[in-house]
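Coordinate inspection notes
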Amino acid sequence: MTVSEPAAGRRVTAVDVAREAGVSRATVGFVLNNTRGQTIPKDTRERVLRASERLGYRPNSAARTLASGRSRIILLVLPDWPIEFRMRNYLDEASLALDRAGYSLVTYTRHADQTARPLWESLSPDLVVGTIPFNPPDVESMLACGVRKIYPSPGRTEPIDASLALSAGPRLQVDHLHERGHRNLVYVAAVEAHASSMISARFQAASERARSLGLAALALEEINYRSASTDETIRRMFDAGITGVVAFNDDVAAAVASGAVRAGLRMPDDLAVIGHDDSPIAAMFVPALSTIRIDTVALGRRFADFVLRSVEQRPAPTSRTVVEPTLVQRETS
């Protein structure tokens, strides 16, 4: 077969790949898009893939979107949440599951004082998902640039599993310390350059649970990992009668536990500490940190299933497994 190279400087097209492989343009599309319902012989598929690789073919995403009406991009809009160990697991699993189905997951942090154009105006995503309801100007912007699937739907407040992945455990933290006999608790978080809505959400959940158990109102104590004042803060809390610490995450729990050790306090006899996320440091730290574990891998897969049902009108599952946080009790409580 005589191979005719595309003219220098010209973008390689699917027509070039078809000519190189000796197949139709439609066959190239079926192979490269993994189109369902098409039976392509193995040798033909391999020939198309080899031709595509040799020519350096890259799909023209804008043209493909115009032709199909779909970009195969899912945009997940996140608030100012820290992307820590468990959240990374969640996003990695969701991204992998969607990639297998031919979709790309893009995450985007929407800042309250943002001046840049929102990312949905550039990507033309098939679906925009938010962890909280979008405000009317954002919905108007999405509709104006062609986004037709938005979750939560305008006017509705249904949450997604990502919020569970980050904020489900504070009630369980408080319950655990209460069951261990602690009545004077404090909520501890790290000092942040910018106020984090996730710290506020977890603190509020812990406070509500403490109130329902008849405990004194929780105070929010902020510590700085890099400052020697942490030790002074721990000693001051203990002297004020605090016996249980509900930590925002395992990093904070480790900082509190370190300060307690340096202050000569025994854990959990003098001070009990429980973290959140069950990150690797929780098991490796000495003393090992009690914490809350959430199966974020399962949540990531469930998010991907939700996305595919939304964009491909797949039927909803007949049953739904509830993913609950679980307590991991170790030496600090």
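Attention here is on the structure that accompanies the text. (Residues numbered from 1 in each chain as written. Predicted model: local features only at pLDDT ≥ 70, side-chain atom pairs only at ≥ 80, totals over all residues. Heavy atoms only, no water.)

Thoughts on the overall build of the chain
Assigned secondary structure in the chain consists of 14 helices and 10 strands. Expressed as a percentage of the 333 residues in the chain, the buried residues total 45%. For the chain, long-range pairs separated by at least 24 residues make up 72% of all intrachain contacts whose partners lie at least 6 apart in sequence. As displayed, the chain has an accessible area near 17,400 Å², and 51% of this comes from carbon and sulfur atoms. (Helix = DSSP H or I, 4+ residues; strand = E, 2+ residues; numbered from the N terminus. Buried < 20%, exposed > 50% of the residue type's maximum accessible area, 1.4 Å probe, protein only. Contact = heavy atoms within 4.5 Å. Areas by Shrake-Rupley, 256 points an atom, 1.4 Å probe, with all protein chains shown as cover.)

A closer look at the nonpolar core
The biggest cluster of nonpolar side chains holds 65 residues, and the ones touching the most others in it are V256, L271 and F303. With near-sequence residues (within four places) excluded, L271 lies in contact with I234, I242, T243, G244, V245, V256, A260, L265, R266 and T332. With 13 residues, the next largest nonpolar core counts V17, I40, L55 and Y57 among its residues. (Core = buried A, V, L, I, M, F, W, Y, C linked by side-chain atoms within 4.5 Å.)

A word on the sheet that holds strand β2 (residues 104-109)
In space, the 4 strands of this open sheet follow the order β2-β1-β3-β4, with parallel pairing throughout. Strands at the two margins of the open sheet, each flanked by one partner only, are β2 and β4 (150-151). As paired elements, strand β3 (residues 127-130) and β4 share 2 bridges and run parallel to each other. Bridging from a neighbouring strand, V128 pairs with I150 of β4. Lying on the sheet, helix α14 (residues 296-312) is in contact with β1 (73-78), β2, β3 and β4; it crosses β3 at an angle near 140°. (Pairing = 2+ DSSP bridges. Axes fitted to C-alpha atoms, helices over the stretch in contact; angles between N-to-C directions.)

Let's talk about the sheet that holds strand β6 (residues 220-223)
If you walk across this open sheet you meet the 4 strands as β6-β5-β7-β8, and the pairing is parallel. A strand with exactly one partner marks an edge of an open sheet, and here the two such strands are β6 and β8 (272-274). Each strand of the sheet is rotated relative to its neighbour by a mean of 30°, with strand direction disregarded. Relative to the sheet, helix α11 (residues 229-239) contacts β5 (185-190), β6 and β7 (244-247), its axis offset from that of β6 by approximately 155°. Where helix α12 (residues 250-262) meets the sheet, its contacts fall on β5, β6, β7 and β8, and the angle it forms with β5 comes to roughly 115°.

Any link to function would need more than the numbers given here.
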